[in-house]
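Residues per chain, in single letters:
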Amino acid sequence: MNARIDEPAARRAYYDRIAGHSLKPLWEVLAALVPAQPATDAVPALWRWADVHPFITESGSLITAREAERRVLILENPGLPGQSTTTSTMYAGLQLILPGEVAPAHRHTQSALRFVVDGEGAYTAVDGERVTMAPGDFIITPMWTWHDHGNPGDEPVTWLDGLDIAVVRMLGAQFRENHGHEAQPVSRPEGDAAARYGSGMLPVDYAPRNGVTPVFSYPYRRSRAALARMADGPRHRCHGIKMRYVNPATGGAPIATIGAFLQWLPAGFAGAPYRSTDGTVFTVVEGSARVELDDRSFDVGPKDTFVIPSWHRHRLHAREDTVLFSFSDRPIQQALHLWREHEEA
Ligand code: 1HN
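Not measured: the values here are computed from a predicted model.

Procedures and definitions
- Numbers given for residues are sequential positions, taken from 1 along each chain in its written order.
- Totals for whole chains, interfaces and linings use every residue, but because this is a predicted model, local features are given only for residues with pLDDT of at least 70 and side-chain atom pairs only at 80 or more, for both listing and counting.
- Computation of side-chain values: all heavy atoms of the structure, hydrogens and water removed.
- Here a strand is any run of E in DSSP of at least two residues, a helix any run of H or I of at least four, and the numbering for each starts at the N terminus.
- Each radius of gyration is computed over the set of C-alpha atoms, and the globule rule expresses the reference value as 2.2 Å times the number of residues to the power 0.38.
- For every residue, the accessible area (1.4 Å probe, protein chains only) is compared with the maximum for its type, and the residue is labelled buried under 20%, exposed over 50%, or partly exposed between those bounds.
- A contact between two residues is defined here by any heavy atoms of the two lying within 4.5 Å.
- As used throughout, the charge tally considers Lys and Arg to be positive and Asp and Glu to be negative, leaving His and the chain termini uncounted.
- A charged residue contributes its charge at one atom only: NZ of Lys, CZ of Arg, CG of Asp or CD of Glu.
- Residues enter patches when their relative accessible area tops 30% and they take part in no salt bridge; the joining distance is 9 Å for like charges and 5 Å for the nonpolar side chains Val, Leu, Ile, Met, Phe, Trp and Tyr.
- For every accessible area listed, the method is Shrake-Rupley and the probe measures 1.4 Å; residues are considered covered only by the protein chains on display.
- The term salt bridge refers to a side-chain nitrogen of Lys or Arg lying within 4 Å of a carboxyl oxygen of Asp or Glu.
- DSSP bridges decide pairing: two strands pair if at least two such bridges lie between them.
- The nearness test applies per residue and asks whether one of its heavy atoms lies within 4 Å of the molecule or strand.
- Pairs of N or O atoms are called polar contacts if they sit within 3.5 Å, as long as, within protein, a hydrogen donor faces a hydrogen acceptor (for residues adjacent in sequence, only side-chain-to-side-chain pairs).
- In the scheme used here, Gly and all other residues not listed as nonpolar or charged are polar, with Ala, Val, Leu, Ile, Met, Phe, Trp, Tyr, Cys and Pro taken as nonpolar and Asp, Glu, Lys and Arg as charged.

This next bit is on the overall build of the protein chain. A count of helical and extended segments in the protein chain gives eight helices and 22 strands. Over its C-alpha trace the protein chain gives a radius of gyration of 22 Å, about what one expects of a compact globule, namely 20 Å for 345 residues. With respect to the principal axes defined by its C-alpha atoms, the protein chain has extents near 80 × 50 × 50 Å. Counting every position in the protein chain, which comprises 345 residues, the buried fraction comes to 47%. Partitioning the contacts of the protein chain with sequence separation of at least 6, the portion at a separation of at least 24 is 75%. For the protein chain, the distance from the average position of its 34 positive side-chain charges to the average position of its 40 negative side-chain charges is 5 Å.

Taken together, the side chains of Leu26, Val29, Leu30, Leu33 and Val34 make up a nonpolar region of the molecular surface, amounting to roughly 460 Å² of accessible area. For Leu33, the position within the fold is in helix H2 (residues 30-33).

Here Ile332 shows up in helix H8 (residues 330-335). As for Ile332 and Arg70, which are separated by 262 residues in sequence, their C-alpha atoms are 26 Å apart. For Ile332, the residues in contact, after removing those within four places along its chain, are Val167, Ala256 and Thr257.

Pairing is antiparallel across the open sheet formed by six strands, whose spatial order is S2-S3-S10-S5-S8-S12. Of all the strands in the sheet, the pair left with one neighbour each is strand S2 (72-74) and strand S12 (217-218). With four bridges connecting them, strand S5 (residues 112-118) and strand S8 (residues 138-141) associate as antiparallel partners. When the bridges of S8 are listed, Leu113 appears paired with Ile140.

This next bit is on the site of the ligand. Around the ligand lies a shell formed by Arg70, Tyr91, Gln95, His106, His108, Arg114, His147, His149, Asp161, Leu163 and Ile165. A distance of 3.0 Å separates an oxygen atom of the ligand from a polar atom in the side chain of Arg114. In the environment of the ligand, an oxygen atom lies 2.9 Å from a nitrogen or oxygen atom belonging to the side chain of His147. For the ligand, the accessible surface in isolation is 330 Å², of which the surrounding protein chains cover 83%. A per-class count over the shell around the ligand returns three nonpolar, five polar and three charged.

Spelled out as structure tokens, the structure:
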């Protein structure tokens, strides 16, 4: 036989012929499809506030929030060009809203979180209730809830958006609608959801829906005070004092697809090496720290955002008392029993 199947040229010719029939040989890609450990094209990356803030400000003179619908700079992972994503599943962006602007009401099947980075006095309206935003506030717009943003204040406001865009895209479950009114009608006074669902009580006839929290605002004032109270208590070797945001009605994640966390590292804290399968986006709220990975390290300070992809070993060193906010796809992985973590001694 002169065209044995193990000859490279014969194989290539065969691959070319079957390609015309939408067929591919698994044996050429098997190891990459099913690697021994997580493999992602996402890379660790850092967006320093000092670098991105001028670009965000400049975007304000190039396009209005109304025209853009959402005036956002995507924090696109350099390892995933053109994919508008920050980890393999999670999108992050920095959104600017200037005084007097409105970002019109819409809804979509992607869920979103906001973490306020800079400025105050803007609001987000979610399902008929407005919440005024201050730095460090964590606010969610669960899937298919109407949401619009406005800035009746007198300073620009910038927040970090986190969305499950790539997950919903992968599932082919993207839907969106415009409300028709720029700002949705306000049907509940500010603070209504917090009083009803976030005061350690629930309405007696409350039934949880979709695993989505009925509380959509987690003010930094309260979260920060909680961390401060715990500062002298026991600490995790890798994470310092790390808390996860919860749906107060279930104890689960506030959004079915996105887990969010706030952590406090005391000055001088040297965390043990850690990795987990949920690629994570971090933003520094207070303080300064060094993030040490196997092949690179970076120093981070307030308002800087960075990403640690899945299964990338890293450790956190706090130069000062430091507060980090982070989010990832952990609830999805946990629901599917896929989530793993590893702490080193
Ligand atoms: C979106 O609706 C918002 O509502 C922000 O503020 C970022 C990124 C992709 C798709 C929809 C928002 C978004 C988004």
